[in-house]
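Geometric and topological summary
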Amino acid sequence: MTTSQDLVELIDYRRRVDDLYAAIRQQSDLEDAWWPWRAGRDGLFATHPQSPVSPERRTDFEGMAFHEYDPSWCLAATIEAVDDETVDLGHSGAGETRFVRFATLRAERLGEAITLDALWLDAYGGGIFVPFRDATNGDTTYGGGRYVLDAAKGADLGALDDGRLVLDLNYAYHPSCAHDARFSCPLAPPSNRLAMRVEAGELMPR
């Protein structure tokens with residue numbers, strides 16, 4: 001049961017996450033910004049009462065494992081508007097969350113096309129949401145996939161001057177349910193399942 005104290009702590013947690021991503025958007029070199037982002041998240045995971053890491057694991061928490069930063073996974077995606085379509089995403093546990101599919105994101109890595117749906121949270125305030133699955137799921141990453149953008153939670157890497165969206169998959173991270181089954185998180189739709197192995201970003205929680 002969520003208490004008033006839980007909500008006060010959650011406000012603080014979200015604010016700190018917002019600050020981490022705001023610092024990224026101020027950097028011209030996303031690899032330089034990646035290291036303090038990782039350190040900041042690890043600090044929150046290890047010490048904050050709203051950490052997705054269960055309390056009994058926090059004392060031994062040594063930080064999240066990542067692939068080494070690979071600039072080839074730092075993508076710039078064009079945003080192609082589509083007719084709005086309501087999408088109810090199933091969760092890792094009980095429940096579902098309603099989003100609106102409002103755009104297709106198109107990028108290219110080493111000559112290979114990457115296409116993902118951009119979703120908008122259909123709730124007060126909204127926010128872009130870009131989850132994805134790939135061929136590493138169930139192997140080196142969580143079976144339910146990872147997120148790269150979730151603006152409602154502060155995870156926003158920004159945009160380029162030409163309007164393209166920054167999709168740096170070195171910043172891909174696991175939903176809270178990958179850390180603790182008490183969370184029920186929305187998972188990527190079939191349209192956001194990539195056949196390739198995205199060997200970038202966060203690895204399975206240790």
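Data block above holds the structure.
Residues numbered from 1 in each chain as written. Predicted model: local features only at pLDDT ≥ 70, side-chain atom pairs only at ≥ 80, totals over all residues. Heavy atoms only, no water.

**Describing the sheet that holds strand β5 (residues 146-150)**
- Read from one edge to the other, the open sheet built from six strands follows the order β5-β4-β3-β2-β1-β6, with strand pairing classed as antiparallel. The open sheet has two edge strands, β5 and β6 (165-168), and neither has a second partner. Strand-to-strand, the axes of this sheet are offset by a mean angle of 40°, without reference to chain direction.
- For strand β4 (residues 128-132) and β5, the ladder comprises four bridges, and the chain directions are antiparallel. Paired with F132 across the strands is R146, a residue of β5. (Pairing = 2+ DSSP bridges. Helix = DSSP H or I, 4+ residues; strand = E, 2+ residues; numbered from the N terminus. Axes fitted to C-alpha atoms, helices over the stretch in contact; angles between N-to-C directions.)

**A few points about the pattern of salt bridges**
- Under the criterion given, the structure shown has 12 salt bridges.
- One connected set of salt bridges, linked through shared partners, spans E85, R101 and D117. (Salt bridge = Lys/Arg side-chain N within 4 Å of Asp/Glu carboxyl O.)

**Some thoughts on the packing of aromatic side chains**
- Tallied over the full model, the rule gives 11 aromatic pairs.
- Judged by centre distance (6.2 Å) and plane angle (75°), the rings of Y21 and W37 are edge-to-face. In this pair, Y21 sits in helix α1 (residues 4-25) while W37 sits in helix α2 (residues 30-47), placing the two residues 16 residues apart along the sequence.
- With relative accessibility at 3%, the residue Y21 sits in the buried group.
- Judged by centre distance (5.4 Å) and plane angle (65°), the rings of W34 and Y69 are edge-to-face. Remark: Y69 occurs in the loop between α3 (55-58) and β1 (74-90) and W34 occurs in helix α2; sequence separation between them is 35 residues.
- In this structure an aromatic cluster arises from ring pairing among Y21, W34, W35, W37, F66, Y69 and Y171. (Phe/Tyr/Trp six-rings, centres within 6.5 Å; stacked < 30°, edge-to-face > 60°. Buried < 20%, exposed > 50% of the residue type's maximum accessible area, 1.4 Å probe, protein only.)

**Focus on the packing of α1 against α2**
- In the contact formed by α1 and α2, the axes pass within 9 Å of each other and the chain directions differ by 170°. The orientation of α1 with respect to α2, classified from their angle, is roughly antiparallel. Here the hand of the crossing between α1 and α2 comes out right-handed. In this structure, α1 contributes Y13, R16, V17, L20, Y21 and I24 to the contact, and α2 contributes L30, A33, P36, W37, G40, R41, L44 and F45. (Parallel < 35°, antiparallel > 145°, perpendicular 65-115°, else oblique. Left-handed = near helix turned anticlockwise from the far one by under 90°. Contact = heavy atoms within 4.5 Å.)

**Notes on the environment of P186**
- Structurally, P186 is set in the segment after β6.
- Residues P186 and L89 lie 97 residues apart in sequence; the distance between their C-alpha atoms is 5.7 Å.
- With sequence-adjacent residues up to four places away left out, P186 is seen in contact with L89, G90, H91, T97, F99, F129 and Y147.

**What about the side chain of D117?**
- Looking at the secondary structure, you find D117 in strand β3 (residues 112-121).
- Within polar-contact distance, the side chain of D117 engages the side chain of R101 at 2.9 Å. (Polar contact = N/O pair within 3.5 Å; in protein donor to acceptor, adjacent residues only side chain to side chain.)

**A word on α2**
- With 18 residues, α2 ought to run about 26 Å at 1.5 Å a step, and its terminal C-alpha atoms sit 26 Å apart, in line with that.
- The set of residues buried in α2 consists of L30, A33, W34, W37, R38, R41, D42, L44 and F45.
- Where α2 is buried, its residues meet α1, α3, β1 and β6. (Expected span 1.5 Å × (residues − 1).)

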